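One-letter residues, chain by chain:
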Amino acid sequence: MAYAELAETEELHEPKSFITKYIWSQDHKVIAIQYSLTAIFVGLIALVLSGLMRMQIGFPGSLEFMDASTYYQAMTMHGMIMVIYLLTALFLGGFGNYLIPLMVGARDMVFPYVNMLSYWFYLVSVIVLIASFFAPGGPTGAGWTLYPPQAITQGTPGADWGIVLMLVSLAIFIVAATMGGLNYVTTVLQARTHGMTLFRMPLAVWGIFVATILALLAFPALFVSAVMMLFDRLLGTSFFIPAIISLGQPLDHQGGSPILFQHLFWFFGHPEVYIVALPAFGLVSDLISTHARKNIFGYRMMVWAIIAIGVLSFIVWAHHMYVSGMNPYFGFFFATTTLIIAVPTALKVYNWVLTLWRGSIHLTVPMLFALAFILTFLVGGLTGLFLGNVIIDVPLSDTYFVVAHFHMVMGVAPILVVFGSIYHWYPKITGRMLNERLGQVHFWITFLGTYAVYFPMHYLGFLGMPRRYYAYENFEFIPQSAHDLNAFITVAALIVGVSQILFLFNLFWSLKHGRKSGGNPWHANSLEWQTPETPPKHGNWGYKLPVVHRWAYDYSVPGIEQDYLPQTVSEEELIRLRESEGGQKSTDQEMTGNADSEGGE
Amino acid sequence: MAHSPQMRTLDLGEPGGWSSPDPAGGLLWRFQATKVAVRILLAVVTSLFMLFVVTFIGRSQFSDWQSLTGPLGPLGNTSALWVNTAFLVLASISIQVARMASRKHLRSTVAAATVIAGMMAAAFIVGQAILWGRLAEFGFTVSVNPAISFFYLLTGLHAIHIAGGLIAWMRSMERVWQRQAMPVVNAGLELCAIYWHYLLFVWLVLFALLTSKPETYAAIAALCGLR
């Protein structure tokens, strides 16, 4: 029995008590909100940490408590939280949970109980992580890549307990992500409604789906490295730790290989870039198409590009290790694969631009963020081409050029999509619009502000300013102008940081006072906008599941006045729609319309 | 607009919207979906153990590596491992017998085979634990050398996966105990068997890996470009 028929015969058991409805909830929408709020909460901690770091770099000595150890701890926690606990959790646990069942027309995830467990494991991982702030010695200051041997040798902040809590937290996070991931993939494969073929799924689902597969296969590498490092730290094994003299004393370890850790870490770390980027690609495709009132250009090409990027992302990892020491032929291999991955990525950028081309661009807040994403991703992507080449990477490695690159490409770009997507889907989640004016102010400060922060860093990198230094005074090669630039960057970063209060305020204020949105305020096509109630009730669809007749991108179909055709509109309804709009349309227009509406199948 | 397309999903009119549930069809779909999930889980498990194996091979090429199977090595005598392997093979065979018997509705065979399967899997874990204890007694503790560290790590992780398999087995056992309908029992045993057979395969790979000669590691390492 197919999923849809079954779902229409099974009785729904809507939770009644507050606890089962909002705390131990098995409803994907509630879990999505739990995931998102937790992720945003830890993200705010990471944001504050970055502000503290910038104060030290821009105005050295201005914060009394900021010594070298504290700086490294702030840096490590900022990086790890932003990449794993904010972006990964928000895209997969937040958007994945909310959108997958709604977009494919399911009642819920296939395994709601496991889905709930996934959130609670995530929460535990976050609590363990935060606990490290209060552990003796504080959190680890090993750098977000946690490279051994320094991560677990004395002298590194948090080498006693911080690193242990970090590794345990990561292991728990991976269990959570695996439970969630099994759900997302199985739901996409098994629980699509009538007529929802894989190639009718919105690109948002495709992006999240492929990113989840990457997460399922790549996170084990982080798990392996975390477990082995825990063994080295707690049981005295020598997987990664070589014979070493630390603080004048020879340690018990011998013969381990730190490079082995680096390979494992980046075998996870590079797919991780795409675990964050692919959902962003998918979500932004939907934003662009909807707000430009135009079908997405090259839908199938977009899907194949997502898959190609996913596959290629597993064979580029060592481009993070050009200066770690490796066979020159390996460098050649990884530089080549890195440049090849730029091809499907560039295809996507072209297709977004071609979607905008002669579209009816509505400069709504989600669209502003989507446009900003294209620009930012372009800048970050192009500097990636620089760094992908071994000979250019070697001098630029470990400079602020790298900091600028990865913040542009996997910090700012995905966060812009996160914001755009929240502005876009908030009406579905709450039934109210976010305040447009506040959104615009938030957008311009964030967009221009992040450019003011990261664009100058490219120049600092060219000057040779090394990353991960606590203080930059008394280096002859760093001129005064660089210090001035650093002060400027800090001011810009603080403005961007503080301006996020606008967003938070908007989020909570609009909950009560936002304009009522109705079910489909953007006149969008995908299924989540066609739910009988907004916000959707438990089970999403009432008695009958929606029937899908077309792809999600029939915008501005010629021959019809209404500029969107939801996925649920059948061919008969389309004909009726045409007739009811008056037969004045010329026959040739109608024929074009018919041909176009087949486009997505 | 005259016709609102998104109203189509609201069209719930007739009370026939609630047709009577079809428990067999529902369960079948659920097991189908779970089967897909189990296979995806196996892909994750494969990734996990593959990465451990590659790491093992990479680490084995460093000068401080001491083979486990040398005459004085901890695995110089592999008989205990063979006994444990036999337990695991028997567990797999029993669960397969239970699975096939459940298809033929042979309730008592299903019950006996399922019980034996669980006992064999538990025996495997106990056997491994005894082996760990004995090795530690002889001074081969986890940090003595990297090969023995890997031995504890890999066998431990594998045992944890077997323990997870026993949880799935307990659910199957519950269904057998409660004399639930045979297709239901069969579906549960099928999921269990897929996972158990796979873990047997993983064990055979680990067993071969851990007891191979350093020359074999060197050859694999050379093939993988790790040397």
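Residues numbered from 1 in each chain as written. Chains lettered and ligands numbered in written order. Predicted model: local features only at pLDDT ≥ 70, side-chain atom pairs only at ≥ 80, totals over all residues. Heavy atoms only, no water.

## Section: the overall build of chain A
A tally of regular secondary structure across chain A gives 17 helices and two strands. The dimensions of chain A, computed from C-alpha atoms along their principal axes, are 90 × 50 × 50 Å. With 601 residues in all, chain A has 62% of them scored as buried. Counting contacts in chain A only where the partners sit at least 6 residues apart, residues at least 24 apart contribute 78% of the total. (Helix = DSSP H or I, 4+ residues; strand = E, 2+ residues; numbered from the N terminus. Buried < 20%, exposed > 50% of the residue type's maximum accessible area, 1.4 Å probe, protein only. Contact = heavy atoms within 4.5 Å.)

## Quick word on the overall build of chain B
Assigned secondary structure in chain B consists of six helices and zero strands. Counting every position in chain B, which comprises 227 residues, the buried fraction comes to 50%. Of the contacts made within chain B by residues no fewer than 6 positions apart, 79% connect residues no fewer than 24 positions apart.

## Quick word on the interface of chain B and chain A
When the parts come together, some accessible area is lost, and that loss is often what is quoted as the size of the interface. The interface of chain B with chain A comprises 44 residues on the first partner and 58 residues on the second. For the pair chain B and chain A, the two sides together bury roughly 4500 Å², of which 71% comes from carbon and sulfur. Where chain B meets chain A, there are zero salt bridges. Our enumeration of links across chain B and chain A arrives at four residue pairs in polar contact (both at pLDDT 80 or more). Breaking the side of chain B that touches chain A down by element, the ones donating at least two residues are helix 1 (23–60) and helix 4 (146–177) of chain B. (Buried area = accessible area lost by both parts, 1.4 Å probe. Salt bridge = Lys/Arg side-chain N within 4 Å of Asp/Glu carboxyl O. Polar contact = N/O pair within 3.5 Å; in protein donor to acceptor, adjacent residues only side chain to side chain.)

## Overview of the packing of aromatic side chains
Residues and elements named next belong to chain A. Inspection of every chain in the model, using the stated rule, returns 67 aromatic pairs over all chains. Look at F369 and F443: their rings are 5.0 Å apart centre to centre, the planes differ by 85°, and that puts the pair in the edge-to-face class. Of this pair, F369 sits in helix 11 (residues 365–388) while F443 sits in helix 14 (residues 436–463), placing them 74 residues apart in sequence. Of the two residues examined, F369 and F443, each falls in the buried class. When the ring centre of W161 is taken as reference, the NZ or CZ atom of R233 above it lies at 5.7 Å. One residue, R300, lies across the ring of F199, its end atom 4.3 Å from the ring centre. (Phe/Tyr/Trp six-rings, centres within 6.5 Å; stacked < 30°, edge-to-face > 60°. Lys NZ or Arg CZ within 6 Å of the ring centre and 35° of its normal.)

## Looking at the nonpolar core
Residue and element names in this part refer to chain A. Core analysis: the largest hydrophobic core is formed by 265 residues, its most contacted members being Y85 and Y122. Setting aside chain neighbours within four positions, we find Y85 in contact with A39, V42, M80, Y122, S125, V126, L129, M166, S169, L170 and F173. By size, the runner-up hydrophobic cluster in this structure holds six residues, among which are V557, L565, V569 and L577. (Core = buried A, V, L, I, M, F, W, Y, C linked by side-chain atoms within 4.5 Å.)

## Considering empty space enclosed by the protein
Residues and elements named next belong to chain A. Taken as a whole and assessed by the stated rule, the structure comprises three cavities of 30 Å³ or more. In this structure, the largest cavity encloses a volume near 110 Å³. As for the largest cavity, its lining consists of 16 residues, and the residues nearest its centre are Y35, L92, G93, F173 and A177. Of all elements in the fold, only helix 4 (68–104), helix 5 (112–131), helix 6 (162–190) and helix 7 (203–234) reach the threshold of two or more residues within the lining of the largest cavity. Counting residues per element, the lining of the largest cavity draws most heavily on helix 6, at six residues. Looking at the second largest cavity, its volume works out to about 60 Å³. Taken together, D286, S289, T290, H424, W425, A524, N525, S526, W529, A552, Y553 and Y555 form the lining of the second largest cavity. Mapped onto the lining of the second largest cavity, the elements with two or more residues apiece are helix 8 (258–291) and helix 13 (400–430). A per-element tally of the lining of the second largest cavity places helix 8 first, with three residues. For the lining of the second largest cavity, the residue count by class is six nonpolar, five polar and one charged. (1 Å grid on protein atoms, 1.4 Å probe; cavity = no way out; pocket = protein on both sides within 12 Å on 5 of 7 lines; lining within 4 Å. Points joined across faces, edges and corners; volume = space filled by probe spheres on them. Nonpolar A, V, L, I, M, F, W, Y, C, P; charged D, E, K, R; others polar.)

## Let's talk about the packing of helix 4 of chain A against helix 6 of chain A
Residues and elements named next belong to chain A. Where helix 4 meets helix 6, the closest approach of the two axes is 11 Å, and the angle between their N-to-C directions is 20°. Comparing the axis directions of helix 4 and helix 6 gives the class roughly parallel. Handedness of the crossing formed by helix 4 with helix 6: left-handed. Here M77, M80, I84, Y85, T88, A89, L92, G93, N97 and I100 of helix 4 come into contact with helix 6, specifically with M166, S169, L170, F173, Y184, T187 and V188. (Axes fitted to C-alpha atoms, helices over the stretch in contact; angles between N-to-C directions. Parallel < 35°, antiparallel > 145°, perpendicular 65-115°, else oblique. Left-handed = near helix turned anticlockwise from the far one by under 90°.)

## Quick notes on the confidence of the model for chain B
Residues and elements named next belong to chain B. Summarising the model, chain B shows a mean pLDDT of 88, and 89% of its residues fall at 70 or more. For residues 1–21, every residue scores under 50 in pLDDT, and the model assigns this stretch 33 contacts once sequence neighbours within four places are set aside. Scoring the predicted complex yields pTM 0.93 and, for the interface, ipTM 0.91. (pLDDT = per-residue confidence, 0-100.)

## So, the pattern of salt bridges
On inspection of all chains with the given rule, the structure shows 10 salt bridges over all chains. The shortest N-O distance in the salt bridge between A:K537 and A:E533 comes to 3.9 Å. The exposure class assigned to A:E533 is partly exposed, which follows from its relative accessible area of 31%. Overlapping salt bridges bring together B:K35, B:R99, B:R103 and B:E190 as one network.

## Points about a nonpolar patch on the surface
All names here are of chain A. The grouping of L339, L378, L382, L385, F386, I391, I392 and F462 at the surface amounts to a nonpolar patch, some 730 Å² of accessible area in total. For the nonpolar patch, the elements supplying multiple residues, two or more each, are helix 11 and helix 12 (390–396). Along the chain, I392 falls in helix 12. The exposure class assigned to I392 is partly exposed, which follows from its relative accessible area of 32%. (Patch = residues over 30% accessible without salt bridge, like charges linked within 9 Å, V, L, I, M, F, W, Y side chains within 5 Å. Areas by Shrake-Rupley, 256 points an atom, 1.4 Å probe, with all protein chains shown as cover.)

## A short note on the environment of A:L90
Residue and element names in this part refer to chain A. Checked against the element boundaries, L90 lands in helix 4. On the basis of relative accessible area, L90 is assigned to the buried category, the value being 3%. Apart from the residues within four sequence positions on either side, L90 is in contact with S36, A39, F95 and V418.

## With respect to helix 4 of chain B
A rise of 1.5 Å per residue sets the reference length of helix 4 of chain B, with its 32 residues, at 46 Å; its end C-alpha atoms lie 45 Å apart and thus fit the reference within 8%. Put simply, B:N145 is the residue that caps the front of helix 4 of chain B, since its side-chain oxygen is 2.9 Å from the backbone nitrogen of B:A147. (Expected span 1.5 Å × (residues − 1).)

## Focus on unusual backbone geometry
Residues and elements named next belong to chain A. Going from P148 to P149, the amide bond is cis rather than trans, its omega being 5°. Summarising the element assignment, P149 is placed in the loop between helix 5 and helix 6. Between T534 and the following residue, P535, the backbone shows a cis peptide bond with an omega angle of -10°. Among the structural elements, P535 can be located in the loop between helix 15 (480–513) and helix 16 (571–580). One non-glycine residue with positive phi stands out, namely D398, at about 60°. Given the relative accessible area of 39%, D398 is considered partly exposed. Its identity is not glycine, yet R468 carries a phi of approximately 65°, on the positive side. With a relative accessible area of 24%, R468 lands in the partly exposed category.

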